[in-house]
Structure formats: C-alpha cells, structure tokens
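Residue-level structure breakdown
Listed here are the chains, written in short residue letters.
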Amino acid sequence: MARTETSPEDRADQPDQPGPGPSSSEASLTLDFFGTLITFQVRSVETEGAYAILEMVVPPGRTAPQMHVHAAAETFQILEGEFEFRVSHDGPAKVFHAFPGDMAHIPPNVPHGFRNVSKSASSLQIVISPGSMEGYFLELGTLTTNTRTQIKSSKPPDKKRLAEIGQKYGIEILDID
C-alpha cells in the first residue's frame, strides 16, 4: 500500500501490519533524520506500545543523537562498523567502543549518546522500550526512499526544535561535553 499522501506524524498511530506476525520490508518506514537513515522494523503500535525496533544507518563521524536522557530503556546491537558510546551514570561520562555483534543496554534515565567512528556509514539496531519514543523520530524525520548508498549530509538540526519536540516525548537534550 503506497502511503506518500500522509506525513510521518499522521502515521504515528497507524500500524504497518495489524496484529501479530512478521513485519515485512515492504511495510517498513524509512526516515531521513538529519542525514541518519532510520528504518522502523517493528512499530510500537504492533506491540501495544511495549517496544519499537529501529535500524539506523549513521554516516561516518555523525553523532546520533548528541547526549540526551529519557525514561525509555534502549538496547543497541551493532550491525556494521564501530560506534563510540558515552554513558554518564552517577558521575562523569564513561566512553566505550562497540563493534559488529556487540550489544549495549542503556537503562532508563541514564544520560547517553553515541557516534559512528568508522570511515564509512555504519548501522545498528535499537530496541526502545516503551516504544512511544518513536514519535520523536517520526515528527523530526523526513520520509525517504534513500538507501545507505544515498546518504546525504544535511545541516545540523535546530537545537531549539530538538528540545521542543523532545520535551513532548520525554527526551532532554543535554549539553555535556
């Protein structure tokens, strides 16, 4: 079913496939999130809000997103490339690197961020629980048919807009160096 007539926000509460069963790549929704491609593999409406699963393709050197904090737990699995994570749990930020096959779990309310430190586009899969935070990406991203070979650099996001939309979804952007 073609859905070019609706915006990502309009589709935030419409399931790509109602009820249980596998999600197909045909039903996937891909957004350009300031140069990072986000493909929704499982939408929160498919899990009654329990979780959402996204795949991100991140350009080299890109921070996606900057240090932030929210009430959702996130579990990352590195699919391709090398990512640097910064996590600030009870003290100064700790930095660690993750490679294909590695997983990193960020509990709720823990400041964190990550960036692609590879020389080429790299990818990771993220499980967000609860899944309602997907609305943040839906509101700020732009529907695209781009693939990883078509990633274009984009201008940096407006921090004020990130903060405004983030507040709506319980996401606080932090100015931690």
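None of the values given here were measured: they were computed from a predicted structure.

**Things to note about the nonpolar core**
- Grouped together as the largest cluster of nonpolar side chains are 31 residues, with contacts concentrated most on Phe40, Met56, Phe85, Phe114, Leu124, Tyr136 and Phe137.
- It is helix α1 (residues 134-140) that provides the largest number of residues to this core, a total of four residues.
- Aside from chain neighbours lying at most four places away, what touches Met56 is Thr36, Leu37, Ile38, Phe114, Ser122, Ser123, Leu124, Ile126 and Phe137.

**Examining the environment of Asp32**
- Topologically, Asp32 is positioned in strand β1 (residues 29-33).
- Considering only alpha carbons, one finds Asp32 and Thr145, 113 residues apart in sequence, at a separation of 8.9 Å.
- A distance of 3.3 Å separates a polar atom in the side chain of Asp32 from the backbone nitrogen of Phe34.
- There is a polar contact of 2.7 Å between the side chain of Asp32 and the backbone nitrogen of Gly35.

**Thoughts on unusual backbone geometry**
- In this structure, Pro130 follows Ser129 across a cis peptide bond, with omega equal to 0°.
- Looking at the secondary structure, you find Pro130 in the loop between β10 (122-129) and α1.
- Not every positive phi belongs to a glycine, and Asn109 is a case in point at roughly 60°.
- Of the residues examined, Asn109 reaches a relative accessible area of 53% and is grouped as exposed.

**Describing the packing of aromatic side chains**
- The full count for this structure, using the stated rule, is nine aromatic pairs.
- For the pair Phe33 and Phe137, a centre-to-centre distance of 5.2 Å together with 75° between the ring planes defines the contact as edge-to-face. One end of the pair, Phe33, is in strand β1; the other, Phe137, is in helix α1, and 104 residues separate them in sequence.
- Take Phe33: its relative accessible area is 9%, and that puts it in the buried class.
- Note on Phe137: relative accessible area 5%, which makes it buried.
- Ring geometry for Phe76 versus Phe85: centroids 5.1 Å apart, planes at 70°, classification edge-to-face.
- A residue is classified by how much of its surface remains accessible, and Phe85, at 0% relative accessible area, is buried.

**Considering the sheet that holds strand β5 (residues 73-80)**
- Read from one edge of the open sheet, seven strands run β8-β5-β10-β3-β2-β1-β11, paired in antiparallel fashion. The open sheet terminates on both sides in strands that have one partner only, identified here as β8 (103-106) and β11 (142-143).
- Judged from the four bridges that link them, β5 and β8 form a sheet pairing that is antiparallel. In the sheet register, Glu74 faces β8, and the bridge partner there is Ile106.

**Details of the confidence of the model for the protein chain**
- The share of residues in the protein chain with pLDDT of 70 or more is 77%, and the mean pLDDT across the chain is 83.
- Ranking the elements of the protein chain by mean pLDDT puts helix α2 (residues 159-168) last with 89 and β5 first with 98.
- Across residues 1-9, confidence stays below pLDDT 50; counting only partners more than four residues off in sequence or on other chains, it has 12 contacts.
- Low confidence marks residues 11-18, where pLDDT is under 50. Its contacts with residues over four positions away, or in another chain, come to 25 contacts.

About the cut-offs
- Residues numbered from 1 in each chain as written.
- Predicted model: local features only at pLDDT ≥ 70, side-chain atom pairs only at ≥ 80, totals over all residues.
- Heavy atoms only, no water.
- Core = buried A, V, L, I, M, F, W, Y, C linked by side-chain atoms within 4.5 Å.
- Buried < 20%, exposed > 50% of the residue type's maximum accessible area, 1.4 Å probe, protein only.
- Helix = DSSP H or I, 4+ residues; strand = E, 2+ residues; numbered from the N terminus.
- Contact = heavy atoms within 4.5 Å.
- Polar contact = N/O pair within 3.5 Å; in protein donor to acceptor, adjacent residues only side chain to side chain.
- Phe/Tyr/Trp six-rings, centres within 6.5 Å; stacked < 30°, edge-to-face > 60°.
- Pairing = 2+ DSSP bridges.
- pLDDT = per-residue confidence, 0-100.

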